[in-house]
Structure formats: structure tokens, C-alpha cells
Amino acid sequence: MSAPSLETTAAAPAPEAAVGPSPAAVAAVRSLHSRARRRLLTATLCLAAGLVLAMGVRVLLGHYTVTIPDFFAILGGETIPGASFIVMQEKLPRAVAGALAGAAFGAAGALFRRTLRNPLASPDIIGVTQGAAVAAVTVLAFGGVRGTGMAAAALIGGLAAIGIVLGFSMAGRSSAGAGSGGLAGSLGGATFIVAGIAVASLCQAILSGAVLALSQHDLQAAAVWTAGSLNAVTWERITLLAVIMIVLVPLAGILHARLAPADLGGELAHGVGSRPGRTGLWSLVIGALLAAAATAATGPLAFVALLSTPLARGLTGGRPSLPAAALCGAVIVVVADFAAAEAFGGVRLPTGVLTGAAGAPLMLWLLIRSGRKA
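Describing the overall build of the chain
No. 1: What the chain contains, in helices and strands, is 15 helices and 0 strands.
No. 2: With 374 residues in all, the chain has 44% of them scored as buried.
No. 3: At a minimum sequence separation of 6, the contacts of the chain that also span at least 24 residues come to 77%.
No. 4: With the model as given, the accessible surface of the chain reaches about 18200 Å², and the carbon-plus-sulfur share is 69%.

Here's the deal with the layout of surface pockets
No. 1: Empty space within the largest pocket amounts to approximately 350 Å³.
No. 2: Together, 16 residues line the largest pocket, and Met150, Ala221, Trp225, Ala232 and Arg237 are the ones closest to its centre.
No. 3: Those elements that place two or more of their residues in the lining of the largest pocket are helix H9 (216-226) and helix H10 (235-258).
No. 4: Split into classes, the residues belonging to the lining of the largest pocket amount to 7 nonpolar, 5 polar and 4 charged.

Brief notes about empty space enclosed by the protein
No. 1: Taken as a whole and assessed by the stated rule, the structure comprises 4 cavities of 30 Å³ or more.
No. 2: Put simply, the largest cavity is a space of about 70 Å³.
No. 3: If you go around the largest cavity, the residues you meet are Ala151, Leu155, Arg237, Leu240, Leu241, Ile244, Ala293, Ala296 and Ala297.
No. 4: Contributions of two or more residues to the lining of the largest cavity are made by helix H6 (148-171), H10 and helix H12 (276-298).
No. 5: The biggest single contributor to the lining of the largest cavity is H10, with 4 residues.
No. 6: Within the lining of the largest cavity, the residues separate by chemical class into 8 nonpolar, no polar and 1 charged.
No. 7: Each pocket or cavity is described by its volume, and for the second largest cavity that value is around 50 Å³.
No. 8: Along the walls of the second largest cavity sit Ala110, Arg113, Arg114, His256, Thr309, Ala312, Arg313, Pro320, Ser321 and Ala325, which together make up its complete lining.

Digging into a nonpolar patch on the surface
No. 1: The grouping of Ile246, Val247, Leu251 and Ile254 at the surface amounts to a nonpolar patch, some 380 Å² of accessible area in total.
No. 2: Position of Val247 among the secondary structure elements: in helix H10.

Some remarks on the packing of aromatic side chains
For any pair of aromatic rings, the description rests on two quantities: the centre-to-centre distance and the angle between the ring planes.
No. 1: This structure, assessed with the given rule, holds 1 aromatic pair.
No. 2: Relative to Phe72, the ring of Phe71 has its centre 5.5 Å away and its plane inclined at 70 degrees; by these criteria the two rings are edge-to-face.

Some words on the packing of helix H3 (residues 68-75) against helix H4 (residues 83-116)
No. 1: Two elements in contact, H3 and H4, have axes separated by 10 Å at closest approach and are oriented at 80 degrees. Comparing their axes, H4 and H3 come out roughly perpendicular. Taking contact as the criterion, the partners of Phe71, Ile74 and Leu75 in H3 are, on H4, Ala83, Ser84, Val87, Met88 and Leu92.
No. 2: Of the residues assigned to the contact of H3 with H4, the class counts are 7 nonpolar, 1 polar and no charged.

A look at H9
No. 1: Within H9, burial applies to Asp218, Ala222 and Trp225. Down the axis of H9, the sector holding all buried residues measures 60 degrees, keeping them to one side. Across from the buried face of H9, at angles greater than 90 degrees, the exposed residues are Gln216 and Gln220.
No. 2: Remark: Gly228 follows H9 within two positions and exhibits a positive phi of approximately 90 degrees.

Definitions and cut-offs
- Residues numbered from 1 in each chain as written.
- Predicted model: local features only at pLDDT ≥ 70, side-chain atom pairs only at ≥ 80, totals over all residues.
- Heavy atoms only, no water.
- Helix = DSSP H or I, 4+ residues; strand = E, 2+ residues; numbered from the N terminus.
- Buried < 20%, exposed > 50% of the residue type's maximum accessible area, 1.4 Å probe, protein only.
- Contact = heavy atoms within 4.5 Å.
- Areas by Shrake-Rupley, 256 points an atom, 1.4 Å probe, with all protein chains shown as cover.
- 1 Å grid on protein atoms, 1.4 Å probe; cavity = no way out; pocket = protein on both sides within 12 Å on 5 of 7 lines; lining within 4 Å.
- Points joined across faces, edges and corners; volume = space filled by probe spheres on them.
- Nonpolar A, V, L, I, M, F, W, Y, C, P; charged D, E, K, R; others polar.
- Patch = residues over 30% accessible without salt bridge, like charges linked within 9 Å, V, L, I, M, F, W, Y side chains within 5 Å.
- Salt bridge = Lys/Arg side-chain N within 4 Å of Asp/Glu carboxyl O.
- Phe/Tyr/Trp six-rings, centres within 6.5 Å; stacked < 30°, edge-to-face > 60°.
- Axes fitted to C-alpha atoms, helices over the stretch in contact; angles between N-to-C directions.
- Parallel < 35°, antiparallel > 145°, perpendicular 65-115°, else oblique.
- Arc of directions from axis to C-beta.

Shown next as C-alpha cells:
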């Protein structure tokens, strides 16, 4: 056989070099990320400005109006007959308590939603707030405990409720789903929600019995509190809630960020070194504590956690954000409290009545949407 000619050798195709992403593709991805970050920052700043505006309206306007110079004079220690008492003992405490409680509920809702990846996974739905309310009213009815003792009982009750829900849902999980999706996969969305609704119903029954055991002196206050009202907020409760949030909100932010790899799926999350199961469990604990602390301060404000997360995601373009959800919750509660106190003439409704009225249609819409996706 003759050797191959130089022409044949030269014509042989050379191996293709590895081709990376084009500069145009890299620039497009960076532009998308930049726009998403700008939208998130803009939405967060707008929500913060909206909260300041809502709190200003809550304090300055209404049946008793206060001028801005008088308000700052009162804050500076000047006593203005009538106005000082109304601002410092009614309007300002309600605005601050509403903002803190709403932020706690919003942050708790964001943690539950990202951990369990279910639009109905919220402290309002799965019995956390009901468990906190049961514990608080029970120690009031049978032990005469008030103030800080009620708040501590509410925290224990909220944790007990989430523990019971976790126990039942994990006991009923399927072996097929136990290994995928981190904690959400091991629990199963439907199983967790059903267990939570069952625990919430049980807590509601116990709460009704505890209320019947109250003395006549405590009955009216407990009835208003269980409806979700800011009428009984005090600076002592506000201080306790603020201290709890100073500790828990940074932890919630860290856990929420660490859950980001789980959005890609359990296997990929483990592949990048994430531990979604352990992180998700701590997220549920911190979320339950936040919701229980808010319930202890203001009573169970229905559907605030459920409302906050989808509204925040709509404003941020679908990007999960715990600060945005917390600010949404704060704005919702402050606006609802102002409307409940001022929009119905001489009738003052509990704040929870308005949040529940707004949250019920959203829950039905989420149920319909989840059914269509399934």
C-alpha cells in the first residue's frame, strides 16, 4: 500500500476546540441578573417607604388628628393636653405593634413557603397561630397568668403545634418521596397541609372551651384578643416582641438565604453542599417562634403570613425575599388596623377581621391554582 499523500493528510479535519458561552450570552445573563436585583431593591425600598407612610397616616389621621409639629413635640417630651395621651397610649403603640407583628408574620410566612414549597404552607393554616392562642388563653383561664407569662405560653404553644404537625406529617410520609426535595419532599405538601389543618381545628376546639372557662372579667378581653386586635397592646408587649425579633429576624434571613439551593431540587442542593433538611427544620422552628411571638402581642391576625409572601413575590418579579415579605406583612397590618378603627364610623372592628376577610379569597384562589397545576 502506498503512503497517504501530503494532500490527504492536510485535508484531514482537525479536532474541534471546546466552545464556551459567547460574550453576548454572558452579557445577557448578567443583564438579567442586574435587572432582577434592581427590581428587588426597588420593591424593598418602595415597601419600606409605604410602611413609613402607613404608620404616619395611622398616627396622624383618623377621628382625632394630630399635626406633624405636635407629634414631634410629643416625642420630644412636651405634654399637650389630650393629644399626648392619645398619641403615646393609643395611636403610636398600635402603629408600632402592627408593624412589628406584621413583619414577624410576613417573615414566618416566607420561611414556611420556601421550606415547604407549597403556597398554602403558612402559620395561619397549619395551626401555629392557633396553638399559640390556645396556650395563651389557657394559662389566662386556669392560671390567671397575664402579660409576659401569656407571651411565654404563646411561644411554647406555637412550637408545640409545629412539633405535632411535623410528627404526624413525617409519620405519614411515603417512602418514595422521603429521599427527594429535602424537607419538603420528606413531608409531602398535601400531607403537611392536611396535618396542619387538623391540628388547627383541634386547637380551635380547645380554644373555645378555654374561653368558656374564663371569668366574666377576662372574657371580653380574651374574645377581642382571639379575634386579632391591637386594642390591648402595651409598650411592655411591644418591647418584648421587638427583642424577640432582633434575635430571630437575622437568623430567619440567614436560613432563608441558605434554602436557595433547595429551589433547584433536593439532589442538586446536596450536590452543592447544602443541607435542605436540617436548614428547613430550623426554618420551621424560627418561623413558628416569629408567628407565636406576634400572636402573643396582638392575637392571631388571620392570613397575614399567607398574604405577605405572594404579594411580595409579585412585587419582586417572583424572586423570594424575606425582607420584602416582612415589609408586606407590616404594611398589611398597619393599613388593616387603620381601616378597622376609622373606616366604619363609630364601630371599631378587630384588625384580624379585616385581614381574614382579605385573606379568605386569596386562600381560595391559591387552592384553585394548586388544583389546576396538579
